[in-house]
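Listed here are the chains, written in short residue letters.
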Amino acid sequence: MEKAELIDINATFYELVDFLRHLPKADAKGTIDNLGQVSVDKIIENSITENRSITSLIPGLRALKTKGLLEKLGASINPSLFLKMLEKQGTFFDFLQILQYLGQAMQKDLAGDLSGELTARLVDKDVEGKRIINSILRELNLLKRLYGGFNRDFEEKIGVNYVLKLIFNNGNLRLLCELIGNLSEEDVSRFKLIETFHALPGNKKEEFILRGDFHKCCSAMADCRQLNIFPQNGGGFSVKEAAILNRLLDKSTFKSINRGLGSLDYFPDKKLKFSLFKLVAAYIDKMGPETATFNSVSERVAYLSILHRLARLNTNSIETLTAHIKEEEFLQEKDFIGSFQLLQYIVTVNDVSPLLRKEILTLSNSDKIINKLGKETTLKAFLYLWNTYALFVQEELQNFDDWLNPGIVTALYQVVEKHKRTRANVEAIRHLLMIVGLLDYLDIEPERIGKIFFRGFRLLNLSRPFLSQALKKASFIPGFFYLKGIDLFANKPLFPNKWKILIPRLFDLNLKAKGVGELVDVFQRKIRKRIIPV
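Everything in this summary refers to the structure shown in the same document. (Residues numbered from 1 in each chain as written. Predicted model: local features only at pLDDT ≥ 70, side-chain atom pairs only at ≥ 80, totals over all residues. Heavy atoms only, no water.)

For the rest of this paragraph, the subject is helix α10 (residues 116–129). Since the α-helix turns once every 3.6 residues, residues separated by three or four places project in the same direction. In this model α10 runs 20 Å from its N-terminal to its C-terminal C-alpha over 14 residues, within 8% of the 20 Å that 1.5 Å per residue would give. Along α10, the residues that are buried comprise Gly116, Leu118, Thr119, Ala120, Leu122, Val123 and Asp126. After α10 finishes, the residue Lys130 shows a positive phi value of roughly 50°. (Helix = DSSP H or I, 4+ residues; strand = E, 2+ residues; numbered from the N terminus. Expected span 1.5 Å × (residues − 1). Buried < 20%, exposed > 50% of the residue type's maximum accessible area, 1.4 Å probe, protein only.)

A separate point is the environment of Leu64. Of note, Leu64 is situated in helix α5 (residues 58–66). Exposure remark for Leu64: the relative accessible area of 0% places this residue in the buried category. Sequence separation between Leu64 and Arg21 is 43 residues, and the spatial gap between their C-alpha atoms is 5.9 Å.

Another point: the packing of helix α17 (residues 214–223) against helix α19 (residues 254–262). Between α17 and α19, the shortest axis-to-axis distance is 7 Å and the interhelical angle comes to 10°. Considering the angle they form, α17 stands roughly parallel to α19. For the pair α17 and α19, contact is made by Phe214, His215 and Cys218 and by Ser256, Ile257, Arg259, Gly260 and Leu261, respectively. The residue makeup of the contact of α17 with α19, split by class, is 4 nonpolar, 3 polar and 1 charged. (Axes fitted to C-alpha atoms, helices over the stretch in contact; angles between N-to-C directions. Parallel < 35°, antiparallel > 145°, perpendicular 65-115°, else oblique. Contact = heavy atoms within 4.5 Å. Nonpolar A, V, L, I, M, F, W, Y, C, P; charged D, E, K, R; others polar.)

Here we come to the packing of aromatic side chains. Summed over the entire model, instances satisfying the criterion amount to 26 aromatic pairs. Their ring planes at 75° and their centres at 6.5 Å tell us that Phe480 and Phe523 sit as a pair that is edge-to-face. Note that Phe480 is positioned in helix α33 (residues 476–489) and Phe523 in helix α35 (residues 514–530), a separation of 43 residues in sequence. Of the two residues examined, Phe480 and Phe523, each falls in the buried class. These aromatic residues form a ring-pair network of at least three members: Phe382, Trp386, Tyr389, Phe392, Phe400, Trp403, Tyr441, Phe476, Phe480, Phe481, Trp499 and Phe523. (Phe/Tyr/Trp six-rings, centres within 6.5 Å; stacked < 30°, edge-to-face > 60°.)

If you walk through the whole model with that rule in mind, you get 0 disulfides. We note that Cys218 lacks a disulfide partner, and the nearest cysteine sulfur, in Cys217, lies 5.7 Å from it. In this structure Cys224 is not part of a disulfide, and its nearest cysteine sulfur, from Cys177, lies 3.9 Å away. (Disulfide = S-S within 2.5 Å.)

Taken as a whole, this structure holds 14 salt bridges when the rule is applied. With a shortest N-O distance of 2.5 Å, Lys368 and Glu327 are connected by a salt bridge. Taken as a pair, Lys368 in the loop between α25 (354–364) and α26 (370–374) and Glu327 in helix α23 (residues 327–331) lie far apart in primary sequence, 41 residues in all. Assessed through its relative accessible area of 42%, Lys368 is described here as partly exposed. One salt-bridge network, held together by shared partners, links Lys29, Asp33 and Lys72. (Salt bridge = Lys/Arg side-chain N within 4 Å of Asp/Glu carboxyl O.)

Positioned with a positive phi, Asn228 is a non-glycine residue whose angle comes to about 50°. Within the fold, Asn228 resides in the loop between α17 and α18 (239–250). The backbone phi angle of Glu396 is positive, close to 60°, even though this residue is not glycine. Mapped onto the fold, Glu396 is located in the loop between α27 (378–394) and α28 (400–403). Classification of Glu396 as exposed rests on a relative accessible area of 55%.

The next thing to look at is the environment of Lys273. Among the secondary structure elements, Lys273 is positioned in helix α20 (residues 270–285). We classify Lys273 as buried; its relative accessible area is 19%. Between the alpha carbons of Lys273 and Met221 there is a distance of 9.8 Å; along the sequence they are 52 residues apart. Residue contacts for Lys273: discarding those within four places in its chain leaves Leu264, Asp265 and Phe267.

Let's shift gears to a negative patch on the surface. A cluster of acidic residues, Asp401, Asp402, Asp443 and Glu447, forms a negative patch at the surface. Examined against the element boundaries, Asp402 turns out to sit in helix α28. Residue classification places Asp402 among the exposed residues on the basis of a relative accessible area of 59%. (Patch = residues over 30% accessible without salt bridge, like charges linked within 9 Å, V, L, I, M, F, W, Y side chains within 5 Å. Areas by Shrake-Rupley, 256 points an atom, 1.4 Å probe, with all protein chains shown as cover. Lys, Arg positive; Asp, Glu negative; His and termini not counted. Charge placed at Lys NZ, Arg CZ, Asp CG, Glu CD.)

Our next topic: the packing of helix α21 (residues 297–309) against helix α22 (residues 315–322). Axis separation between α21 and α22 bottoms out at 10 Å; the angle between their running directions is 175°. With respect to their mutual orientation, α21 and α22 come out roughly antiparallel. Contacts between α21 and α22 involve Arg300, Tyr303, Leu304 and Leu307 from the first element and Ser317, Ile318, Leu321 and Thr322 from the second. Its residues assigned to classes, the contact of α21 with α22 shows 5 nonpolar, 2 polar and 1 charged.

On the secondary structure map, Thr12 appears in the loop between α1 (3–8) and α2 (13–21). Residue Thr12 is classed as buried on the basis of its relative accessible area of 4%. Those residues in contact with Thr12 that lie beyond four places of it in its chain are Ile43, Asn46, Ser47 and Glu50.

Right under this line is the structure:
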């Protein structure tokens, strides 16, 4: 299609982007070269009356970025016209989203032309539309970089108050905590976020908390203690606070409740943690396995895990709750691996019938889960492998690496391969090192590790803050394999005191489980060799 044809048919910018994304790179480049400023302005003007969301441009812009043509197209776009189109067909959150998929020059131009008045109108559209926003951190970080942080320019053009309005009207507690945690302790905006939360009227604060679920609330309490969401006065929750939490439990799934309790494992406020566990125990005790409603296998397993965490689980309840689980139904679960590794763990640490344990172990090594496993995260793959090994050892079988299905081994290494380029995310790197450390510990084709990381993994021996940040959140077993993974790649001796961090966490282990007992023996030999002078 020639330039004249695009203009004659009154093409819109949406049509132009879609047209360019489907052309070969050379042809798309030629078309952009032939479009002058006047032509692009006319095409954008045609788009202002379109009745569609501006975020529908994202797939096309992403494709042009892949072809290396986005900067070239951006050079032809008038930022003020683009913002007019945005105001007509988008909101402030749409602006934040689409900003990620524009060229760097275009990003700066748009940020420069965005006025405080336009920001206010766009934020009001988000608020009026009651659009729930669950994630905003990445988008705001980009905006902060364009303005050099929450500085005077940012205040004049965007305004922290608009960001606050967006979060408290359209966000949730978890989103607020993520943003607070992302700001330095000296950042004025951090204080504004905390002050605004505490200044909310009682009914508004309650409504804000109830936008999330139990897991989001517990994560917020664990990760952002500065908010002091439910201040403790020594006597547990007040009647009003307990009522809010019970409403939160009512609207939460068993998976959410289980994850919420899990996020409090290393919560330092013991009184608050005890109060939460007591509240959940009272809530769960109102319903037995016979009256609880399970709309999926994963919900049934999550309920089992909650009983386990609350020490309400016994052999009878496991047998009752697992009696109705059919293998094919289980395999059809969207989060099969996550639910299955949880069931493996429950069966491993509780005295259940040998038949049930054998059924779970047989499915653990089945061809049926190979494809599912290869698509998983490193954390879920790690938990699946460790729990499978723990079950295997409990059955007093021999030679785990020979017993394990070769297809499952390949799937596990596919997971490692897929995530080997992880760099910025501390959690993701920790999980990658954990599964690598576990594969090496179990001696499962360790030569593959060298092939995948043929230049070593230099990110690792790294910095003390990096190690400390990751180890703060790790319980003994993940922590052991995290350090084991680092040891595997380290090109100089790992500072030995890091292993000492795991010593107090030995008390959290069930040392009667054979797999755990062997792991502790290895750990004790290591610390004697590496830490205690001989």
